[in-house]
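Below, each chain spelled out in residue letters.
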Amino acid sequence: MTSRAELIKENRSKNGGKLICEKCSKEKPESSIVIDHADNNRKNNKRKNLQVICRSCNKKKDPSKISKLLKIKGLTFEEVYKGIDKQILSDKLRIDNVAMAKNIYGKKAVRKWLEKKLSKVAYLVVNEGFYNSAAEIGDVNPDTAQRWLGTIASDEGKFRIREINGVEYIMTKASASEFDKDSQTNKHNEKNK
Ligand SMILES: [Zn+2]
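Nothing here was measured: the structure is a model prediction, and the numbers come from that model.

(A) How the structure looks around the nonpolar core. Counting residues in each nonpolar core, the largest one holds 14 residues, and the members touching the most others are Val110, Ala145, Leu149, Ile152 and Phe159. Among the secondary structure elements, those contributing two or more residues to this core are helix H5 (95–117), helix H6 (128–138), helix H7 (142–152) and strand E5 (167–172). Top contributing element to this core by residue count: H7, with four residues. Filtering out sequence-adjacent residues up to four positions away, isoleucine 152 remains in contact with Val110, Arg111, Leu114, Gly157 and Phe159. Residues Ile33, Val52, Ile53 and Cys54 belong to the second largest nonpolar core, which totals six residues.

So this is what it looks like as structure tokens:
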């Protein structure tokens, strides 16, 4: 078996001294790195099955216990999510598994929906109607949708929220950096008036 220290050393030497997550390709401190079993089988310690990934990538993976449970039921995570409306799963799976599936696939659906919308318009106003639509897409309540939007529009995500005169707007990362540039210029011009 290859040890954690060895795998980390191997990763650094491959990446010119930097420790890079094998999933998201971002540089990470050693404390955020986990050695993950690609197939979720902890007994499979073959080098090919071990991957050096960050905690946030690891979290996104299906937890092995739930994967196993789904396997027994002959279901995929995606089916759990899609099956929520049909209520076919309530008797088959515990409620927290459904919540977890919603969290993964619902959030993904909201992200896709936003991407599509923001490819047509520069921004969307973040108001009650916006949260309601996001909630509908993700099949969750508006509070959960609001919480999701918080992560989707965080520094790690693809979207940003900017405020103009007390109104919040959601936009892509690229639009936000344009917006930031403009507001800098405006501030500068105000000063020089
Ligand atoms: Zn990662």
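(B) Structural context of the sheet that holds E5. Pairing is antiparallel in the open sheet, where three strands are placed in the order E3-E5-E4. Each having just a single partner strand, strand E3 (124–125) and strand E4 (159–164) make up the two edges of the open sheet. The pairing of E3 with E5 spans two bridges and is antiparallel. Opposite valine 125, over in E5, you have tyrosine 169 as the bridge partner.

About the thresholds
- Residues numbered from 1 in each chain as written.
- Predicted model: local features only at pLDDT ≥ 70, side-chain atom pairs only at ≥ 80, totals over all residues.
- Core = buried A, V, L, I, M, F, W, Y, C linked by C-beta atoms within 7 Å.
- Buried ≥ 20, exposed ≤ 12 C-beta atoms within 10 Å, placed from the backbone.
- Helix = DSSP H or I, 4+ residues; strand = E, 2+ residues; numbered from the N terminus.
- Contact = placed C-beta atoms within 7 Å.
- Pairing = 2+ DSSP bridges.

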